[in-house]
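Notes for the structure review
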Amino acid sequence: MTRRAAADVRLDSLLRTACDVIVERGLANTRTADVAAAAGVSQALVFYHFATKERLLAQAFAYAVEQELSRLDAVLRSATPPLTKLRRILRLYTPTGRPWAMWIDGWAESLRTPELEKVCRRLDLRWRQDLAAVISAGVADGTFQCADPAGAAWRINAVMDGLAVQLAVHERVISRRQFGEWIRLVTARELGLEPAQLV
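Attention here is on the structure that accompanies the text. Everything quoted here is computed from the prediction, not taken from an experiment. (Residues numbered from 1 in each chain as written. Predicted model: local features only at pLDDT ≥ 70, side-chain atom pairs only at ≥ 80, totals over all residues. Heavy atoms only, no water.)

1. Examining the nonpolar core
Here is the rule: Nonpolar cores were defined as sets of buried Ala, Val, Leu, Ile, Met, Phe, Trp, Tyr and Cys residues, with membership established by side-chain atoms within 4.5 Å. Exposure is judged per residue with a 1.4 Å probe applied to protein chains only, and the accessible area is read against the type maximum: over 50% gives exposed, under 20% gives buried, and values in between give partly exposed. To qualify as a helix, a DSSP run of H or I must reach at least 4 residues; to qualify as a strand, a run of E must reach at least 2; elements of each kind are numbered from the N terminus. By definition in these notes, contact holds between two residues if any of their heavy atoms fall within 4.5 Å.
One finds Phe61, Leu86 and Ile135 to be the most contacted residues of the largest nonpolar core, which totals 58 residues. Sorting elements by how many residues they give to this core places helix 4 (residues 53-77) first, with 12 residues. With sequence-adjacent residues up to four places away left out, Ile135 is seen in contact with Phe144, Cys146, Pro149, Ala152, Ala153, Ile156 and Leu191.

2. Overview of the packing of aromatic side chains
Definition in use: To pair, rings of Phe, Tyr and Trp, with the six-membered ring standing in for Trp, must have centres within 6.5 Å; the planes then decide the type, stacked if under 30 degrees apart, edge-to-face if over 60, and tilted in the middle. Lysine and arginine charges are scored as sitting over a ring when NZ or CZ, respectively, is within 6 Å of the ring centre and within 35 degrees of the ring normal.
Across all of its chains, the model carries 3 aromatic pairs by this definition. Summarising the aromatic geometry, the rings of Phe61 and Trp103 are spaced 5.5 Å apart at their centres and angled 90° between planes, so their arrangement reads as edge-to-face. Remark: Trp103 occurs in helix 6 (residues 97-109) and Phe61 occurs in helix 4; sequence separation between them is 42 residues. For the pair Phe61 and Trp103, one class covers both residues: buried. Taken together, a centroid distance of 4.9 Å and an interplanar angle of 85° make the contact between Tyr93 and Trp127 edge-to-face. Here Tyr93 is found in the loop between helix 5 (82-92) and helix 6, whereas its partner Trp127 is found in helix 7 (residues 114-140), with 34 residues between them in sequence. Considered together, Tyr93 and Trp127 belong to a single accessibility category, that of buried residues. Put simply, the rings of Phe61, Trp103 and Trp107 pair up and form one aromatic cluster. Between the NZ or CZ atom of Arg128 and the centre of the ring of Trp154, over which it lies, the distance is 4.2 Å.

None of this, on its own, says anything about what the molecule does.
Okay, structure coming up:
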């Protein structure tokens, strides 16, 4: 293994460890010393790779979210029709586990950390743009009825975000079944579908 490859492996390992620490401690309470201790490396090595705590947090957040976005990319690259892609996107967005804990924490911490806000905004916009692209493709082939695919993507995504926070943070306020039903209802209304078509 070349020195460059070894450094890449070490960086990947540090990012994975940082994600674990962030989920346990939260973005605001994670210190570079915590990540170094969990990774079994010196704090100097953490600073070598990231320069600042803010950069470490932003890159760890991006790393975690990019893992989820790779699943979105697979949906978009598939040769399936827009309706099938839309169904899969709606299922992908259902809040589960670590990625959602980091999203919610990332949104909150973005109010105070400009570097994290830039990363969070970029990744957040990516969901909306990809959803809008699927809606546009469905409009083009006559599957969806929608005069404003970008606006519909924003409205659908806003409802998903709001319900996802309730589902992820407030136990038993709404159920996963309700989350799915309400998202399908809102999406169907935006795109001239019946909710049953999105199951």
